[in-house]
Structure formats: C-alpha cells, structure tokens
Amino acid sequence: MVRRVVVALLAPVKWTPPGIDPTRWRSALAEDVVDLLATLNEVETAVAVTPEDRSLADAVVWPGTAVHEVPEPTVDAVFATLTGYDQAAVVVADAPDVPGLTLGKLLRPLSSRPVAVAPVEGSGTGLLGVAARLPVPAWLPALDLDTAAPAEVRAAAPRPGDVAVTAGWRRLRGPADLASLDPAFEGWEATRALLSGQPG
C-alpha cells in the first residue's frame, strides 16, 4: 500500500483585498484549503508552518491533522520533515476554491514519474503545488511556489518526461484573481463569508 500525504504550506500571503484585515484573510484562506484537504480520499493530510505561525495552524486544522513545523515556509523544508511516506504533495494555502480533483491529479503521475507540478492559472507566475516520490530526487531544485515554473523543474530533470505537468488552478494574489471567483462554485466558505462581510 502506497502511503501518500498532501501538505498545505501555510506561508505568508502577499496580497489582501482592500478593506479586509490581513490576518483574518490569511486565516480564511488557510481554513478553506485545510477543509478541502479533509475531503480527499486515500491520502493523509497535514499542514506545515513556521514556529511563529503555529497558532494559525492550530486554529484551522481538523482534530488529528498533523502539523509540521518548518524553519522556513518552503517546499524543500516541508519535504525534509516527511518520514514514512512514499509520495508527498505540497500545496499552497491561497487557493481556497481549488477542486479536490485537481489536487488528486497532482499525485496520480507519481506511479510512473518521480515529480509532478501543478501550474498557476490566471495572473502571475508560480505553482499551485509540487508532488514527488520520497525520498525527493536529488535533482529537484529548491522551488519558490510564488515564482517557479514547470519549465524550470523540467529543465533540472535528467529527462523532461520525468516531470508531469498536471491541471492548474488560480491562486488569490490580486484583484483579477479575486474577480474570477465563481460564487456558484462549492467550497471556500470562510473566504466567501469574509468577502461578503459576514461575521466570522
């Protein structure tokens, strides 16, 4: 039985909608991503935070969810904390409405390839997430989820085909991303409530 884990990296967010408290915004995004992870099948889920953000993790995780403290909020730091797993994915915490199926597709290629990446759709550069067989291949570069591109990861691989590029999704990092949210789409309850001005 292959043991898999999906980890939400609760890194600081770099943009907050005007008029919304940044701390509450970050918490709402994190809560929605953690809630989504709880719906995934056949994987374990966890969050990763720096020690100073431990209170954020404790506020949004479900009972029994593992919390990994990392020295810095990076993909490398998260992978380094994971033991006992065959496959792992690290995903951002500023995509509150990402479908579970999209995250599931990030792990699927690992049956035949060592690494998979999900790009960001919409504005800006970066990745939605990175998945790898463990231990992580030595050739995998240090990746900044805010700036890395699939081509960068493929260029580092022994063969471009070693890196699968899976379905992407938007991250909420600016007004254009916010405008693309679909009110009819299920999920993202905490973010939706905050944007609508409901108490929370």
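Above: the structure in question.
Residues numbered from 1 in each chain as written. Predicted model: local features only at pLDDT ≥ 70, side-chain atom pairs only at ≥ 80, totals over all residues. Heavy atoms only, no water.

Draft legend 1. Inspection of the overall build of the protein at higher detail. Looking only at helices and strands, the protein has 7 helices and 8 strands in total. A compact globule built from 200 residues should have a C-alpha radius of gyration of about 16 Å, and the protein, at 16 Å, falls within 12% of that. Reported as C-alpha extents along the three principal axes, the dimensions of the protein are approximately 50 × 35 × 30 Å. Taken across its 200 residues, the protein has 50% of its residues classed as buried. (Helix = DSSP H or I, 4+ residues; strand = E, 2+ residues; numbered from the N terminus. Rg over C-alpha atoms; globule rule 2.2 N^0.38 Å. Buried < 20%, exposed > 50% of the residue type's maximum accessible area, 1.4 Å probe, protein only.)

Draft legend 2. Structural context of the side chain of Asp162. Mapped onto the elements of the fold, Asp162 is located in the loop between helix H5 (150–156) and strand E7 (163–165). Here Asp162 falls in the buried class, since its relative accessible area comes to 9%. What Asp162 contacts, discounting residues up to four positions off in sequence, is Arg113, Pro114, Val115, Trp139 and Ala157. (Contact = heavy atoms within 4.5 Å.)

Draft legend 3. Structural detail: the pairing of strand E3 (residues 66–69). Note that strand E2 (residues 44–49) and E3 share 4 bridges and pair parallel. Bridged to Val49 within E3 is Glu69. Each parallel crossover has a hand, and the one from E2 via helix H2 (residues 54–60) to E3 is right-handed. (Pairing = 2+ DSSP bridges. Right-handed = clockwise from strand over helix to strand, strands pointing away.)

Draft legend 4. Quick peek at the packing of aromatic side chains. Under the criterion given, the structure shown has 2 aromatic pairs. Both rings, one in Trp15 and one in Trp25, keep their centres 6.3 Å apart while their planes meet at 90 degrees; by these two values the pair is edge-to-face. One end of the pair, Trp15, is in the loop between strand E1 (4–9) and helix H1 (22–37); the other, Trp25, is in helix H1, and 10 residues separate them in sequence. Across the pair, Trp25 and Trp15 agree in class, each one buried. When the centroid spacing of 5.7 Å and the interplanar angle of 35 degrees are considered together, the rings of Trp169 and Phe185 count as tilted. Residue Trp169 is found in strand E8 (residues 169–170), and its partner Phe185 is found in the loop between helix H6 (175–179) and helix H7 (189–195); the two are separated by 16 residues along the sequence. The ring of Tyr85 carries Arg3 above its face, with NZ or CZ at 4.3 Å from the centroid. (Phe/Tyr/Trp six-rings, centres within 6.5 Å; stacked < 30°, edge-to-face > 60°. Lys NZ or Arg CZ within 6 Å of the ring centre and 35° of its normal.)

Draft legend 5. Representation of the side chain of Thr191 within the structure. As for its placement among the helices and strands, Thr191 is situated in helix H7. Polar side-chain contacts of Thr191 include one of 2.6 Å to the side chain of Asp32. In contact with Thr191, not counting residues within four places along its chain, are Trp25, Ala28, Leu29, Asp32, Pro96 and Leu172. (Polar contact = N/O pair within 3.5 Å; in protein donor to acceptor, adjacent residues only side chain to side chain.)

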